[in-house]
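What follows is each chain in one-letter form.
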Amino acid sequence: MTGSAQGTGSGSGSAPARGRARDRVLAAAAECFYDHGINGTGIDTITAAAGVAKMSLYNNFASKDDLVLAYLTARHEEWLGLYRRRLADAAGARQRVAAVVDAYVDHAEMAYRHGFRGCGLLNAAAELPAGAPGREVVRRHKEEVEALLATHLAEVDGLPAARVPDLAEHLSFLLEGAMARAGLEGASGRLHRVRELTLELVDAGVRSAAGHPR
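Per an unreviewed UniProt entry, the protein carries the name TetR/AcrR family transcriptional regulator and comes from Pseudonocardia yuanmonensis.

Here it is in structure tokens:
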């Protein structure tokens, strides 16, 4: 982060300044939380990285918990952006299924200052206590991923509708497992492999329905 904090006092220019400070705090928190964990990152670290005064943080976020929720929501939206870009280039239902996996590949291959550490949402959820609002954000994100898989599987010609829910669940499990392994290895290879497996399973489902198991 570069630059100095903008003023946050009252007056006609205060709203844009608060917006800039909020964005800087959230960007700094996103990097620190991902690289060092939520519990390993204090407010002083975030404000120093953002180049803002502590008061600027609290003018925009009621608490660290509030900042964590904003971070998790932003990561969800970031993933949706990756998915939508892939979806726009997908030709046919089969490739739309693959677009969900491709968004995970893109996430893994983004530039990280301290390397790729896996799914930022799951990493955060692992640090939060049971019942924490942040865990609900993560749960809804994973449910949406599975629902997107199901939506695109339902569009695949020759794949029976009865097979869609189980296959979507199966693929979501494969994807999360690959993401965990990729995070441990710090590389995207497992996700490229799960993309291959995803398309193989889709094709196998179509062949099976047509009476051609192989």
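That covers the picture; the talk isn't over yet.
Participant: Residues and numbers for the overall build of the protein, please.
Facilitator: The secondary structure content of the protein amounts to 9 helices and 0 strands. Secondary structure elements in the protein, listed N-terminal to C-terminal, are α-α-α-α-α-α-α-α-α. Along the longest, intermediate and shortest principal axes, the C-alpha atoms of the protein span 70 × 35 × 30 Å. Out of the 214 residues in the protein, the part that is buried amounts to 42%. Considering only residue pairs separated by 6 or more positions, the protein has 64% of its internal contacts joining residues 24 or more positions apart.

Participant: Requested: an account of the packing of aromatic side chains, with residues and values cited.
Facilitator: A full pass over the atoms with the stated rule returns 5 aromatic pairs. Plain terms: the ring middles of Y34 and Y112 are 4.8 Å apart, the flat faces sit at 25° to each other, and that makes the pair stacked. Within this pair, whereas Y34 is found in helix α1 (residues 14–36), its partner Y112 is found in the loop between α5 (93–108) and α6 (120–127), the two being separated by 78 residues in sequence. Each member of the pair Y34 and Y112 is classed as buried.

Participant: Pulling in residues and values, what's your account of the nonpolar core?
Facilitator: L67, L72, W79, L153 and L191 are the most contacted members of the largest nonpolar core, which has 57 residues in total. Taken together, the elements giving at least two residues each to this core come down to α1, α2 (43–50), α4 (64–88), α5, α6, α7 (133–153), α8 (164–185) and α9 (189–209). Here this core takes 9 residues from α4, the largest share from any one element. Those residues in contact with L72 that lie beyond four places of it in its chain are L121, A124, L128, G134, V137 and V138.

Participant: Describe the pattern of salt bridges, with residues and values.
Facilitator: Counting across every chain of the model gives 16 salt bridges. A salt bridge links R195 to D102; its shortest N-O distance comes to 2.6 Å. Linking R195 in helix α9 with D102 in helix α5, this pair joins segments that are 93 residues apart in sequence. Owing to a relative accessible area of 22%, R195 belongs among the partly exposed residues under this scheme. The class for D102 is buried, based on a relative accessible area of 7%. Note that R139 is salt-bridged to E136, the shortest N-O span being 2.4 Å. Here E136 and R139 lie together in helix α7, a separation of 3 residues that amounts to about one turn. Owing to a relative accessible area of 39%, R139 belongs among the partly exposed residues under this scheme.

Participant: So what's going on with the environment of S208? Which residues, and what values?
Facilitator: Along the chain, S208 falls in helix α9. The spacing of S208 and L159 is 49 residues in sequence and 8.8 Å in space, taken between C-alpha atoms.

Participant: How would you sum up the packing of α8 against α9? Please name residues and give values.
Facilitator: Between α8 and α9, the least distance of the axes is 8 Å, while the angle of their chain directions is 165°. Overall, the two elements α8 and α9 adopt an arrangement that is roughly antiparallel. Taken as a pair, α8 and α9 cross one another with a handedness that is right-handed. For the pair α8 and α9, contact is made by L167, H170, L171, L174, L175, A178, M179, R181, A182 and E185 and by R190, L191, V194, T198, L201 and V202, respectively. When its residues are assigned to classes, the contact of α8 with α9 shows 11 nonpolar, 2 polar and 3 charged.

What counts and how
Residues numbered from 1 in each chain as written. Predicted model: local features only at pLDDT ≥ 70, side-chain atom pairs only at ≥ 80, totals over all residues. Heavy atoms only, no water. Helix = DSSP H or I, 4+ residues; strand = E, 2+ residues; numbered from the N terminus. Buried < 20%, exposed > 50% of the residue type's maximum accessible area, 1.4 Å probe, protein only. Contact = heavy atoms within 4.5 Å. Phe/Tyr/Trp six-rings, centres within 6.5 Å; stacked < 30°, edge-to-face > 60°. Core = buried A, V, L, I, M, F, W, Y, C linked by side-chain atoms within 4.5 Å. Salt bridge = Lys/Arg side-chain N within 4 Å of Asp/Glu carboxyl O. Axes fitted to C-alpha atoms, helices over the stretch in contact; angles between N-to-C directions. Parallel < 35°, antiparallel > 145°, perpendicular 65-115°, else oblique. Left-handed = near helix turned anticlockwise from the far one by under 90°. Nonpolar A, V, L, I, M, F, W, Y, C, P; charged D, E, K, R; others polar.

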